[in-house]
Amino acid sequence: MDNNAVLTMRHISKNFPGVVALSDVDFTLRAGEIHALMGENGAGKSTLIKVLTGVEEFETGTIRMAGMDHDLINKSPQMAQGNGISTVYQEVNLCPNLSVAENLFLGREPKRAGIIDWKTMNKKSREILGNLNIDIDVTRSLEHYSLALQQMFAIARAVDLSARVLILDEPTSSLDEHEVEKLFSLMKKLKGDGVGIIFVTHFLEQVYKVCDKITVLRNGCLVGEYEVENLPRVQLVAKMMGKDFDDVSAIKKEKKIIEEDANIKIIEAKALAHEGSIKPFDLVLKKGEVIGLSGLLGSGRSELARAIYGADKPDEGELFVKGQKIVVSAPIDAMKSGMSYLPENRKEEGIIAELSVRENIIIALQAKKGMFKLLGKKEQEEFADKYIELLQIKTASRETPIKQLSGGNQQKVILGRWLLTNPEFLILDEPTRGIDIGTKTEIQKLVLKLAGEGMSVMFISSEIEEMIRTCSRMIVMRDGRKVGELEEHELSQMSIMKAIAGGSENE
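If you're wondering where the values come from, they're calculated on a predicted model, not measured in any experiment.

Asks: Give a description of the overall build of the protein chain that names residues and reports values.
Replies: In terms of regular secondary structure, the protein chain is built from 17 helices and 21 strands. Scaling as 2.2 N^0.38, a compact globule of 507 residues should have a C-alpha radius of gyration of about 23 Å, and the protein chain matches this with 26 Å. Dimensions of the protein chain, computed from the C-alpha atoms along their principal axes, are close to 80 × 50 × 45 Å. Counting over 507 residues, the protein chain shows a buried share of 53%. As displayed, the protein chain has an accessible area near 23,100 Å², and 48% of this comes from carbon and sulfur atoms. When the 66 basic and 75 acidic side-chain charges of the protein chain are each reduced to a single mean position, those positions are 2 Å apart.

Asks: Could you give me a rundown of the packing of aromatic side chains, with the residues and numbers involved?
Replies: In this structure the tally under the stated criterion is 4 aromatic pairs. A centroid spacing of 5.6 Å and a plane angle of 85 degrees characterise the contact between Tyr145 and Phe153, whose relative ring orientation is edge-to-face. Both residues of the pair, Tyr145 and Phe153, count as buried. Where Phe184 meets Phe199, the ring centres are 6.2 Å apart and the plane angle is 90 degrees; that geometry is what we call edge-to-face. Taken together, the residues span a long stretch of sequence, with Phe184 in helix α6 (residues 177-192) and Phe199 in strand β9 (residues 196-200) at a distance of 15 residues. Joined through ring pairs, the aromatic side chains of Tyr309, Tyr341 and Trp418 make up one cluster. A cation over a ring is seen here: Arg140 above Tyr145, with NZ or CZ 5.8 Å from the ring centre.

Asks: Residue-level account of helix α8 (residues 233-241), with values.
Replies: In terms of burial, α8 is a largely internal element, 7 of the 9 residues being buried. Buried-residue contacts for α8 involve β3 (34-38), α7 (204-210), β10 (213-218), α16 (464-470) and α17 (493-501). Where α8 terminates, the next one or two residues include Gly242, which has phi positive at roughly 80 degrees.

Asks: Would you mind going over the pattern of salt bridges in detail, with residue names and values included?
Replies: All told, the structure shown has 28 salt bridges when counted by the stated rule. Members of the salt-bridge network, linked through shared partners, are Arg30, Glu33, Lys213, Glu225 and Glu227.

Asks: Pulling in residues and values, what's your account of the nonpolar core?
Replies: Note on soluble globular proteins: their nonpolar side chains tend to be buried together. Counting 128 residues, the largest nonpolar core has Phe153, Ile214, Met339 and Met458 as the members making the most contacts within it. Counting 26 residues, the second largest nonpolar core, distinct from the first, contains Leu22, Phe58, Met68 and Ile167.

Asks: Pulling in residues and values, what's your account of the packing of helix α12 (residues 357-369) against helix α13 (residues 377-390)?
Replies: Remark: α12 packs on α13, axes separated minimally by 9 Å, with the N-to-C direction vectors making an angle of 105 degrees. Taken together, α12 and α13 sit at an angle that is classed as roughly perpendicular. Side by side, α12 and α13 meet where Val357, Arg358, Ile361, Ile362 and Leu365 of the first sit next to Lys377, Gln380, Glu381, Phe383, Ala384, Tyr387 and Ile388 of the second. For the contact of α12 with α13, a count of residues per class yields 8 nonpolar, 1 polar and 3 charged.

Asks: Please give an account of the sheet that holds strand β15 (residues 316-321) that cites residues and values.
Replies: Reading across from one edge, β13-β12-β15-β16 is the order of the 4 strands in this open sheet, with antiparallel pairing throughout. A single partner strand is all that each edge strand has here, and the edge strands are β13 (278-286) and β16 (324-326). Strand-to-strand twist in this sheet, taken as the mean axis angle between neighbours without regard to direction, amounts to 20 degrees. On the sheet, helix α9 (residues 301-309) packs against β12 (265-274), β13 and β15 and is oriented at approximately 70 degrees with respect to β13.

Asks: Got a sec to walk through α17? Specific residues and values, please.
Replies: Most of α17 is tucked away, with 8 of its 9 residues classed as buried. Burial in α17 covers these residues: Gln493, Met494, Ser495, Ile496, Met497, Ala499, Ile500 and Ala501. In the core, the buried residues of α17 are packed alongside α7, α8, β14 (290-294), α16, β20 (473-478) and β21 (481-487). Directly beyond the C-terminal end of α17, a positive phi value near 90 degrees is found at Gly502.

Asks: So what's going on with the sheet that holds strand β18 (residues 425-429)? Residues and values would help.
Replies: One key point about sheets: their strands pair by backbone hydrogen bonds, in either a parallel or an antiparallel sense. The mixed open sheet is built from 6 strands, whose spatial order is β17-β18-β19-β14-β20-β21. Of all strands in the sheet, those with a lone pairing partner are β17 (339-342) and β21, marking the two edges. Averaged over all neighbouring strand pairs, the angle between strand axes comes to 20 degrees, with direction disregarded. Alignment of β14 against β20, held across 4 bridges, turns out to be parallel. Bridge pairing in β20 places Leu293 opposite Ile475. Of the strands in this sheet, β14, β17, β18, β19 (456-460) and β20 touch α9, which is tilted by about 150 degrees from β19.

Asks: So, unusual backbone geometry: which residues are in play, and what are the values?
Replies: At Asp24, a position not held by glycine, the phi torsion is positive, near 55 degrees. A residue is classified by how much of its surface remains accessible, and Asp24, at 44% relative accessible area, is partly exposed. Positive phi, close to 55 degrees, is recorded for Asn422, a residue that is not glycine. One can find Asn422 in the loop between α14 (407-420) and β18. On the basis of relative accessibility, which here comes to 62%, the residue Asn422 falls in the exposed class.

Parameters and conventions
All chains use their own residue numbering, which begins from 1 and follows the written sequence. Confidence filtering applies because this is a predicted model: local features only for residues at pLDDT of at least 70, side-chain atom pairs given and counted only at 80 or more, and all residues used for totals across whole chains, interfaces and linings. Derived side-chain values reflect all non-hydrogen atoms in the structure, with water molecules and hydrogen atoms excluded from consideration. Starting at the N terminus, helices and strands are each numbered in turn, a helix being any DSSP run of H or I of at least four residues and a strand any DSSP run of E of at least two. Both definitions apply: the radius of gyration is a C-alpha atom measure, and the globule rule equals 2.2 Å times residues to the power 0.38. Relative accessible area decides the class of each residue, using a 1.4 Å probe on protein chains only: under 20% of the type maximum gives buried, over 50% gives exposed, and in between gives partly exposed. Residue-level accessible areas treat just the shown protein chains as cover; the underlying method is Shrake-Rupley with a 1.4 Å probe. Charge assignment in this entry is limited to Lys and Arg as positive and Asp and Glu as negative, and neither His nor the chain termini are counted. Throughout, a charge is located at the NZ atom of Lys, the CZ atom of Arg, the CG atom of Asp or the CD atom of Glu. Whether two aromatic rings pair depends on their centres lying within 6.5 Å, for rings of Phe, Tyr and Trp, where Trp uses its six-membered ring; planes under 30 degrees apart make the pair stacked, over 60 edge-to-face, and the rest tilted. The criterion is that NZ of a Lys, or CZ of an Arg, lies within 6 Å of the ring centre and within 35 degrees of the ring normal, and then a charge sits over that ring. Note on contacts: a residue pair is in contact if any heavy atoms of the two residues lie within 4.5 Å. Each reported salt bridge corresponds to a side-chain nitrogen of Lys or Arg within 4 Å of a carboxyl oxygen of Asp or Glu. Residue types Ala, Val, Leu, Ile, Met, Phe, Trp, Tyr and Cys, when buried and joined through side-chain atoms within 4.5 Å, form a set referred to as a nonpolar core. In this description, a line fitted to the C-alpha atoms serves as the axis of each element, helices being fitted only across the stretch in contact, and the angle between N-to-C directions of two axes falls anywhere from 0 to 180 degrees. Working definition: roughly parallel below 35 degrees, roughly antiparallel above 145 degrees, roughly perpendicular at 65 to 115 degrees, and oblique for all remaining angles. We call Asp, Glu, Lys and Arg charged. Ala, Val, Leu, Ile, Met, Phe, Trp, Tyr, Cys and Pro are nonpolar, and the rest, Gly among them, are polar. Any two strands with at least two DSSP-identified bridges between them are counted as paired.

No statement about biological role is implied by the geometric values presented.
Take a look at the structure:
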């Protein structure tokens, strides 16, 4: 064991039905270290934390804390806490109706003669927070304080529970810049006190500002552990995405049909924004164009698309469809303006599991028509059969419950649903995630075919090759901002990853 290590995890493996979540993963945390745990969606970060904190059991491997003469197997978060491991999540798990002091001592209140000793509890609470340079009224209820302070209270509670390992899971996602600085000051103080901190975040800027080490996971496997100062940002992005940043092999795209009206602006956004997720952005999408949204998980790709579609109602800015200003208060407004949206999470936001393939295909068109213009059963069947054949959906029949289909075929059903509405603008958010290579290729070819016929498409994907192969232009997102725009001739793995990382190769 590393002489300064407070925690070592060795050869950790964890499987779920049909999925290898972690495979032979090592992780080391040292005392007085802020260690970033990085990886894209599905990399294994959450599973590793759940294994460490007793939420999930692991099949093989060892976990050891400094000073213990035995391997650690936490069977619950409470046991992990007792062993010196505490976690503060993005959503603060405290009681807003109780006072700050009550939250700090919940379940371990000081008592005298069987009655809570309020004077002692309030005094100790002030001392705990004072040690962290937090001066507030501990007798006020938690709900009177900002989310940033609530997170600091949660950290204070964890530290007072003798935490030697503190896990901060996306703690800055809902904080403004000033609040983030306060949190970082607190983290640096804890680091100085010898606490080992595991920092999970998708903000690259923050990693390079506050962290000492970075461990990268990808597809459940360990990519490596790195000193922050020795890992340029573009290389970090490459390791997370699984791409060698100097591999810029050209990918030939199908020739798109150029129409006389190819310069028609289908969508134009001016300073469109949604508080807490997307900073004001401008965007133009022309007829027959496939525009890509690129960036790491949490960069704001999906949020930008949702703001345009009205799934998250914009707080400011203007949106124009074919030159006409529109107000999108809800997705139905977007649908009536000729937009369609295939969401990233098909199981929660896409399919309606108990309904048939037919019902899932026709439901958006029916919503667009309204309840007083019901589609007849024969018409529904004709529509369903058309898209089952067009998209080569593998199903026993149009009446098969969609939940019985494979993930790729469920995705095709949802795509058929939106194509049936005959949109002029189609948003595809991770349309090929979790499906086989053959189906991916079919969807990519379909996107190019639709663009060639004049449909405008916004395409979001975590796979760089897929974006290069499919898109005619790329918008790069980072930390909720549009930070770059690449034309078709500029699209390469290197240029995209440099834009995502936010600097040159050596930064």
